[in-house]
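Okay, here's what each chain looks like letter by letter:
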Amino acid sequence: MANKVPVVVDQTTGRSSKLTSSDTLTDASGTTVGGGGTATIENETRGRLTQGVSLDLSSTGNTNLFTATQNVIVEAVVFRCTAATGITTPATVEINNNVGDVLIPATLLTGFDAAEETHHFIVDGRGRRVKTNETLRANVTVAFTGTSMTVECFVLGYAETGSIASPGLPDGPILDFVHYALDGNQSIAHSTTTVIDFDEKISDPNGNVTTGASWKYTVPSSGKLLIAGGARYDSGAAWPSNGFLGLQLFKNGSILHFIHTLETNAVVRPYDLYGTMSFDVVTGDEIDLRIFQNSGIARDIVDDNARSYVTLTLYGTPTGSVAGGLLNKVTSIDLSSTGTTDLITVPTDQEFVITDVLLQVTAESGSSGSLAAGVGIAAGEDDIFDSQTILGLDAVGKVFRFGGTSTGATADSTDVVKLGVDTAVSGTLTVTAYIFGFETSQATVAGQGISTTKLTRSAAQTIATSASTNIDWQGTDAWDVGLWTHDGGGANPDRLIAPSGFVGNYAHVALNVEWTSNATGRRSIAIIQFDSGDTEKDRCQHIEDAVSSAVTIMNCSDVFELADGDYFVASVFQSSGGNLDILHIAGSARRTQMSAYLLR
């Protein structure tokens, strides 16, 4: 998901900075120019509002780009030529909506003389709102003459509240998100492992699910897959004493993991099986969930979207033309002296259009005054954003935004995008720069990779009875892709340390624990979040009775808001009356693990 930076936009000046409702923004003379009750908070979760609309520029008229499902702010419109030979006659295009408002005035398109040429238009200032149910349109007011030409049109923007509107998938590390539920009860035969037919589609934007008796999700691209879900058994007739229920994860027709196990009592009641699991996938893998019961008769799992469902989130590095991504993040920029700082070097065979640069003050000591700075390509040539004065550098955590040129600027292969300081501030500042934009070629987007880790054990860990114990995650992580910190062989092997520099962002953390077979007592597992001062902030927990006929497999997961210095531990408890092991059996379908994904 695209990086999320909450920004306050002053209603008088249109400038953006990270303020609370009680803060004020002053100019160099000390005059208040905004803040307090005149400021409004906007969610700047950027992304692509359209996937790409084919637009014929050989005739005049409107082409619908998308219809907003909620209020959105349009920041940029991109036209990319997909097939053209020697076209030099210009066309004029404006961007409007179906109620007659013009968002971008008629603009002359010229130079369409080579395939894959990109023309980029940015809405000045804060952008223009497209209200719920309004349709954004591209209107060709003067057409190309004598030759038909087709271009792809991309629209970049963000939702005023909540998540990005259509097409519903955030840019960044999430490549696919699928959500299905049961539409009607499904009968599960006695002592038969059965594929769950989640036949009610809630979200499947790329059509990767096949429903029916052989329900499956076909993986569209290699990456890390996070699956969550399960089903509820109807109460029906009384269950047998010591009956067994199980939920299993299959990949390519073979069992990959046991997710959850339960033992029934001789009562009339529903039973829930659910779980979360992370694992590696490659293009073409087929994934499904299967369920088991041995009550002696057929049992129904019920039509209940909150109980019988599955979600699959595919994380990886996106490819293709992506609008609105976080291209790079640069820390510790010194603004106390003049000069330039490299923000990003464009990789070979790639080309970027830079739409925003955000500067976030994360620490300072005695700094004051104003700053004049600009962003440009190479050594000050082809400025992207003109030098501007940034006011009020007197509080930690403010965000300052460069943006709003009328033409945009393209950073070509091997170009260096620089931040130039023309007038320095006094004191010492620590600053982080976020560079937003999109790539115009069909290569991998820089800086858009997944940030995830999975911790496991290479041997059993013995847990004493009636004592809460943290799991020690041994040695090398099962995978570690950026930013997360874990010292498997150090003083705190139980701690997973969250990435720094992502205050206010979120992480999805999931825990799976397998206990050795034992019929006595209860079992408990928990993910606990601590701050840098070792104070508990949040937790999720799962408690249930032991399974006597098989191993007890449990899991829990939650989404946690992050601050610098936060860390997570997996705490377990058992009341069997003696020592009990949690297991990691190499090469089997059973394992104890904790995974974490940075949602950015």
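About the criteria used
- Residues numbered from 1 in each chain as written.
- Predicted model: local features only at pLDDT ≥ 70, side-chain atom pairs only at ≥ 80, totals over all residues.
- Heavy atoms only, no water.
- Helix = DSSP H or I, 4+ residues; strand = E, 2+ residues; numbered from the N terminus.
- Buried < 20%, exposed > 50% of the residue type's maximum accessible area, 1.4 Å probe, protein only.
- Contact = heavy atoms within 4.5 Å.
- Areas by Shrake-Rupley, 256 points an atom, 1.4 Å probe, with all protein chains shown as cover.
- Salt bridge = Lys/Arg side-chain N within 4 Å of Asp/Glu carboxyl O.
- Pairing = 2+ DSSP bridges.
- Phe/Tyr/Trp six-rings, centres within 6.5 Å; stacked < 30°, edge-to-face > 60°.
- Disulfide = S-S within 2.5 Å.
- Polar contact = N/O pair within 3.5 Å; in protein donor to acceptor, adjacent residues only side chain to side chain.

Asks: Quick rundown of the overall build of the protein chain? Include the residues and the values.
Replies: Along its length, the protein chain carries 0 helices and 49 strands. Taking all 600 residues of the protein chain together, the buried fraction comes to 52%. Sequence-distant contacts, at least 24 apart, represent 79% of the contacts inside the protein chain between residues at least 6 apart. When the accessible surface of the protein chain is split by element, carbon and sulfur atoms take 46% of a total near 22,700 Å².

Asks: Lay out the pattern of salt bridges in plain terms, naming residues and giving numbers.
Replies: A side chain with one charge may pair with a side chain of the opposite charge, provided their charged atoms come close. Scanning the entire structure with this criterion turns up 10 salt bridges. Here Lys 216 ties to Glu 286 by a salt bridge, and the two come within 3.0 Å at their closest N and O atoms. With Lys 216 in strand β21 (residues 216–218) and Glu 286 in strand β26 (residues 286–293), the pair connects residues that are 70 residues apart, well separated along the chain. Using a relative accessible area of 24% as the deciding quantity, one classes Lys 216 as partly exposed. Look at Glu 286 and you get partly exposed, because its relative accessible area is 31%. Between Asp 534 and Arg 495 there is a salt bridge, and its shortest N-O distance comes to 3.6 Å. Residue Asp 534 is located in the loop between β44 (522–530) and β45 (536–545), and its partner Arg 495 is located in the loop between β41 (479–481) and β42 (496–497); the two are separated by 39 residues in the primary sequence. Taking relative accessible area as the criterion, Asp 534 reaches 42% and is therefore assigned partly exposed.

Asks: Residues and numbers for the pairing of strand β23 (residues 243–251), please.
Replies: The buried fraction of β23 amounts to 8 of the 9 residues, a majority that puts the element mostly inside the structure. The pairing of β23 with strand β24 (residues 254–264) spans 9 bridges and is antiparallel. Within the sheet, the bridge partner assigned to Gln 248 lies in β24 and is Phe 258. Where β23 folds back onto β24 in an antiparallel hairpin, the turn is made up of 2 residues, including Asn 252, whose phi is positive at roughly 55°. Sheet topology places β23 next to β26; 7 bridges connect them, and they run antiparallel. By the bridge assignment, Gln 248 is partnered in β26 with Arg 290.

Asks: Now, about the packing of aromatic side chains: what can you tell me, with residues and values included?
Replies: A ring pair, where both rings are aromatic, is described by two values, the distance of the centres and the angle of the planes. Summed over all chains, the structure comprises 9 aromatic pairs. Ring plane angle 50° and centroid distance 6.1 Å describe the contact between Phe 244 and Phe 292, whose orientation is recorded as tilted. Linking Phe 244 in strand β23 with Phe 292 in strand β26, this pair joins segments that are 48 residues apart in sequence. In terms of burial, Phe 244 and Phe 292 fall into one category: buried. Where Trp 484 meets Phe 568, the ring centres are 6.5 Å apart and the plane angle is 50°; that geometry is what we call tilted. Note that Trp 484 is positioned in the loop between β41 and β42 and Phe 568 in strand β47 (residues 567–574), a separation of 84 residues in sequence. With relative accessibility at 5%, the residue Trp 484 sits in the buried group. You can call Phe 568 buried: its relative accessible area is 0%.

Asks: Please set out the state of the cysteines residue by residue, giving values where relevant.
Replies: Under the defined criterion, the tally for this structure stands at 0 disulfides. Take Cys 540: it sits in no disulfide, and the sulfur closest to it among the cysteines is that of Cys 556, at 3.4 Å. Overall, the relative accessible area of 9% leaves Cys 540 in the buried class.

Asks: Residue-level account of unusual backbone geometry, with values.
Replies: Of note in the backbone geometry, Asn 252 takes a positive phi value of approximately 55° without being a glycine. For Asn 252, a relative accessible area of 43% puts it in the partly exposed group. Backbone geometry at Ser 466 places phi at a positive 60°, although glycine is not the residue there. Relative to the helices and strands, Ser 466 resides in the loop between β39 (461–463) and β40 (469–470).

Asks: Tell me about the environment of Asp 581, and please be specific about residues and values.
Replies: Within the element layout of this structure, Asp 581 appears in strand β48 (residues 580–582). In this structure, the C-alpha to C-alpha distance between Asp 581 and Trp 515, residues 66 residues apart in sequence, is 6.0 Å. The residues touching Asp 581, leaving out its near neighbours within four places in the chain, are Ala 460, Gln 461, Thr 462, Glu 514, Trp 515 and Thr 516. One polar contact links Asp 581 to Thr 462, side chain to side chain, over a distance of 2.8 Å.

That is the geometry; function is a separate question.
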